[in-house]
Amino acid sequence: MLGFIEKLTLNPDAVSAGDILPLRAEGLSDAAIEDAIHVCTLFSVYDRLADSFEFDIPDTRGFELSAKSLLDRGYV
């Protein structure tokens, strides 16, 4: 999956239906592949927004609080 996501990120025009076949052969469901594509897409958008709007990066304490929150409630 990571190789596929890397290709999707760095060379999206080269991605084809054939790139999905090895993922399916490894037992990944179409839903799991689609989820990975959605996460990749959202992170790419967020990254560009953060760069454009110069989002603040949390300090160590901020990252710790965020990690605790995610561990407690997950991605709701």
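Residue positions are counted from 1 within each chain, in the order its sequence is given. Only residues with pLDDT of at least 70 get local features here, since the model is predicted, and only at 80 or more are side-chain atom pairs given and counted; chain-wide, interface and lining totals rely on the full set of residues. Just so you know, side-chain values use all the structure's heavy atoms and leave hydrogens and water out.

Caption draft 1: Up close: the side chain of D19. Looking at the secondary structure, you find D19 in the loop between α1 (2-10) and α2 (21-25). Here a polar contact means two N or O atoms within 3.5 Å. Within protein one must be a hydrogen donor candidate and the other an acceptor candidate, and residues neighboring in sequence count only if both atoms are side-chain atoms. In this structure the side chain of D19 is engaged in a polar contact, spanning 2.9 Å, whose partner is the side chain of K7. We call two residues contacting when some pair of their heavy atoms lies within 4.5 Å. Discounting chain neighbours no more than four positions away, the residues touching D19 are F4, K7 and A14. Only runs of H or I of at least four residues qualify as helices and only runs of E of at least two qualify as strands under DSSP, and these elements are numbered from the N terminus.

Caption draft 2: Representation of the packing of α1 against helix α3 (residues 30-53). It is at 10 Å that the axes of α1 and α3 come closest, and there the two elements cross at 40 degrees. With respect to each other, α1 and α3 are oriented oblique. Helix-helix and strand crossings are classified by hand; for α1 and α3 the assignment is right-handed. Note on element contacts: α3 touches α1 through A36, I37 and C40, opposite F4, I5, L8 and T9. Residues are sorted three ways: Asp, Glu, Lys and Arg are charged, Ala, Val, Leu, Ile, Met, Phe, Trp, Tyr, Cys and Pro are nonpolar, and all the rest, Gly among them, are polar. When the residues that make up the contact of α1 with α3 are grouped by side-chain class, the tally is six nonpolar, one polar and no charged. Each axis is a line fitted through C-alpha atoms, taken for helices only over the stretch in contact, and angles between the N-to-C directions span 0 to 180 degrees. For this classification, under 35 degrees means roughly parallel, over 145 means roughly antiparallel, 65 to 115 means roughly perpendicular, and everything else is oblique. Handedness of each helix crossing follows the sense of rotation of the near helix against the far helix: counterclockwise by less than a right angle gives left-handed, clockwise gives right-handed.

Caption draft 3: Highlighting the environment of E26. Of note, E26 is situated in the loop between α2 and α3. Taking the C-alpha atoms as reference points, E26 and M1, separated by 25 residues in sequence, lie 9.5 Å from one another.

Caption draft 4: Structural view of the pattern of salt bridges. The salt bridge criterion pairs a side-chain nitrogen of Lys or Arg with a carboxyl oxygen of Asp or Glu, the two atoms within 4 Å. With the rule as written, the count across this model stands at four salt bridges. Between D19 and K7 there is a salt bridge, with the nearest N and O atoms lying 2.9 Å from each other. Linking D19 in the loop between α1 and α2 with K7 in helix α1, this pair joins segments that are 12 residues apart in sequence. One salt bridge connects R61 with E64, and the closest N-O pair in it is separated by 3.8 Å. Of this pair, R61 and E64 both sit in helix α4 (residues 60-73), three residues apart, roughly one helical turn.

Caption draft 5: Seen up close, a nonpolar patch on the surface. Surface patches are drawn from residues lacking salt bridges whose relative accessible area is over 30%; two like charges belong together within 9 Å, two nonpolar side chains (Val, Leu, Ile, Met, Phe, Trp, Tyr) within 5 Å. With residues, only the protein chains shown are counted as cover, and all accessible areas are computed by Shrake-Rupley using a 1.4 Å probe. A surface patch of nonpolar side chains, about 600 Å² in accessible area, is lined by L42, V45, Y46, L49, F53 and F55. Position of F55 among the secondary structure elements: in the loop between α3 and α4. Throughout this description, buried means an accessible area under 20% of the type-specific maximum (1.4 Å probe, protein chains only), exposed means over 50%, and partly exposed covers the range between. Here F55 falls in the partly exposed class, since its relative accessible area comes to 47%.

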